[in-house]
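Chains, contacts and geometry: an overview
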Amino acid sequence: MTNYRLIPRQATAAQTDALRRIDLACQELRPIEDRYYLDRRINSEVPAFFAKHGVLGFMIPQEYGGLGIDVPLYAWGMERIGREGTGPRTFFSCHISIGSSVVVYWGNAEQKQRYLPDAATGKRIFGFGLTEPDAGSNPAAMQSRFEKTSAGYVLNGQKKWIGNAAEGGTLVTFARNPQTDKISAFLIDTNTPGYQADIIQHKLGMPTAGTCEVTYTNCEVPRANLLGEEGQGMKIAYSALMGGRLGVAAGSIGIIADCLHESLTYARSREQFGKPIGRHQLVQRHLGRMAVKLESTRAMVTAAALRKTEYDADRTNQQLRTETDLLIAQTKYFAVNAAQEAAHDAIQIFGGNGFLLTNRPARHYADSRACQIYEGTNEILEQKIAIGYLGQEFEAFSG
Ligand SMILES: Cc1cc2nc3c(=O)[nH]c(=O)nc-3n(C[C@H](O)[C@H](O)[C@H](O)COP(=O)(O)OP(=O)(O)OC[C@H]3O[C@@H](n4cnc5c(N)ncnc54)[C@H](O)[C@@H]3O)c2cc1C
């Protein structure tokens, strides 16, 4: 395919090695993921593929056994995985962007030592449990609650739509103290008595990624598992969503790239009216639009990744935080919609064959729909972006 470079020219030797590992894992994964997708089964082999190639600690510092990858390289990696499908990319996002990275940014020394080496090898898979049945766009309205005990905390409540919750590992999760009304963040291990994860059935897309409803019934969480300080829960959640949204946006580049690749191949070989459909100008229009989406999304993701790198080096700078948060929100919004449109156009190029899940555009179309909902719906992001320009006094919600 033209204009698709897996390894950017400016990549260093270490970056090239990390991307090659991701690429190898993706190549090996593809036929297996295809099979699980068509059987509509959760692909439980995904963690092992990435573990085998040593990339589950992508962003974890080297001192904890990870690759210590920087933000732009992380985005390139997510782009590559996004080409394989939103299911595997969502697994990766939950484990890294909104899972283990939260421990990297917010964990204390003991928590990092206890959790990160296992996350890097895949012995422990991470997820992020924020959303509840009645608190999605407005997570600050969560009902999950905790009580303090002499040993730590007891959590009760319910979370919904949680990725990697049944994988056997740890969730970064959130609950309210009914006495102070403040929300705190916790690390809850999935083997904690009273923790229950039930797979949500009948999803529109992403059948290969497990998504769960999680119940906490008198779950005892040791004091050592409080993340940050009591009451910092929403600050931690919103900071995690910055990395998460960037990952979703980067994965969207992969969706567009794969749709363009599949469409070019099809447009060259499929003939109608005595010539390849790629010679029909309206088909060319679809291809041209897709190619522009690919490059414009990649440019936005690169700019956002560089801005986040600046912010990560100066995390007390509130102005920089606001700018980074806004740019990432714009990037995620643009990218997920570009990906959905690219999948839509790719299906059109495939005609009737585009309607088949055996062809990749149909899967990207179904799967990328989730990206317009999770980590900030289109509507929430539109308002967040507008407020970023209008000023906080216009804020209709916080998030
Ligand atoms: C496949 C999948 C995976 C997910 N994975 C995770 C995960 O791993 N962890 C996790 O914590 N969550 C996860 N989520 C949850 C996701 O983040 C929420 O679904 C999302 O934030 C929306 O919340 P909701 O579903 O409750 O919709 P609601 O908040 O009920 O929204 C319904 C509609 O109302 C609109 N709306 C709501 N408030 C406003 C407003 N103020 N202004 C304008 N419009 C508004 C929304 O945009 C939406 O269109 C996942 C969701 C899906 C579908």
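Keep in mind that what you see is a predicted model, and the values were worked out from it rather than measured. (Residues numbered from 1 in each chain as written. Predicted model: local features only at pLDDT ≥ 70, side-chain atom pairs only at ≥ 80, totals over all residues. Heavy atoms only, no water.)

Moving on to the nonpolar core. Within soluble globular proteins, side chains that are nonpolar tend to cluster in buried spots. If you look at the biggest cluster of nonpolar residues, it comprises 62 residues, and the most contacted ones within it are Phe 50, Phe 58 and Phe 92. For this core, the secondary structure elements donating two or more residues are α1 (13–39), α2 (46–52), α3 (71–84), α4 (86–106), α6 (233–269), α7 (281–312) and α8 (318–350). Composition of this core by domain shows at least three residues from each of domain 1 (13–125) and domain 3 (233–394). Setting aside residues up to four positions removed in sequence, Phe 92 forms contacts with Ile 22, Phe 50, Val 55, Leu 56, Phe 58, Met 78, Ile 81 and Ser 97. Grouped together as the second largest cluster of nonpolar side chains are 28 residues, Ile 60, Val 102, Ala 185 and Ala 237 included. (Core = buried A, V, L, I, M, F, W, Y, C linked by side-chain atoms within 4.5 Å. Buried < 20%, exposed > 50% of the residue type's maximum accessible area, 1.4 Å probe, protein only. Helix = DSSP H or I, 4+ residues; strand = E, 2+ residues; numbered from the N terminus. Domains from an automatic or database assignment. Contact = heavy atoms within 4.5 Å.)

Our focus in this paragraph is the side chain of His 364. With respect to the helices, strands and loops of the structure, His 364 is situated in helix α9 (residues 360–371). Those residues in contact with His 364 that sit more than four places away from it in its chain are Gly 82, Arg 83, Gly 85, Ile 255, Asp 258, Cys 259 and Ala 343.

What follows covers the pattern of salt bridges. According to the stated counting rule, one finds 25 salt bridges in the structure shown. Put simply, Asp 39 and Arg 41 hold a salt bridge, and the shortest N to O gap is 3.7 Å. For Asp 39, a relative accessible area of 44% puts it in the partly exposed group. In this structure, Lys 148 engages Glu 230 in a salt bridge whose closest nitrogen and oxygen atoms are separated by 3.0 Å. Linking Lys 148 in strand β2 (residues 145–148) with Glu 230 in the loop between β8 (226–227) and α6, this pair joins segments that are 82 residues apart in sequence. (Salt bridge = Lys/Arg side-chain N within 4 Å of Asp/Glu carboxyl O.)

Looking now at the packing of aromatic side chains. Overall, the coordinates contain ten aromatic pairs when judged by the stated rule. Each ring, one from Phe 146 and one from Tyr 153, has its centre 5.5 Å from the other, and the planes form 80°; the classification is edge-to-face. For the pair formed by Phe 146 and Tyr 153, the shared burial category is buried. Seen in terms of ring centroids, Phe 146 and Phe 186 are 5.1 Å apart; in terms of plane orientation they differ by 70°. Their pairing is edge-to-face. Here the residue Phe 146 occupies a position in strand β2, and Phe 186 occupies one in strand β5 (residues 183–189), the gap between them amounting to 40 residues. What makes Phe 186 buried here is its relative accessible area of 0%. Taken together through their ring pairs, the aromatic side chains of Phe 50, Phe 58, Phe 91 and Phe 92 make up a single cluster. Residue placement shows Arg 315 over the ring face of Tyr 105; its charged tip is 4.1 Å from the ring centre. Lying over the aromatic face of Tyr 37, Arg 363 brings its terminal NZ or CZ to 5.1 Å of the ring centre. (Phe/Tyr/Trp six-rings, centres within 6.5 Å; stacked < 30°, edge-to-face > 60°. Lys NZ or Arg CZ within 6 Å of the ring centre and 35° of its normal.)

All right, on to the site of the ligand then. Contacts to the ligand come from 16 residues, most closely from Thr 131, Ser 137, Trp 161, Thr 377 and Gln 383. Taking Glu 379, its side chain carries an N or O atom lying 2.8 Å from an oxygen atom of the ligand. Here a nitrogen atom of the ligand sits 2.6 Å away from a polar atom, N or O, in the side chain of Gln 383. Contact with the protein chains removes 67% of the 980 Å² of surface that the ligand exposes when unbound. When the residues that make up the shell around the ligand are grouped by side-chain class, the tally is eight nonpolar, six polar and two charged. When residues of the shell around the ligand are assigned to domains, at least three map to each of domain 2 (128–227) and domain 3 (233–394). (Near = heavy atom within 4 Å. Polar contact = N/O pair within 3.5 Å; in protein donor to acceptor, adjacent residues only side chain to side chain. Areas by Shrake-Rupley, 256 points an atom, 1.4 Å probe, with all protein chains shown as cover. Nonpolar A, V, L, I, M, F, W, Y, C, P; charged D, E, K, R; others polar.)

Here we come to unusual backbone geometry. Residue Asp 181 is not a glycine yet carries a positive backbone phi of 70°. Residue Phe 273 is not a glycine yet carries a positive backbone phi of 55°. Within the fold, Phe 273 resides in the loop between β9 (271–272) and β10 (275–276).

All right, on to the environment of Leu 187 then. Along the polypeptide, Leu 187 turns up in strand β5. Residue class for Leu 187 comes out buried when judged on its relative accessible area of 0%.

Keep in mind these values describe shape, not function.
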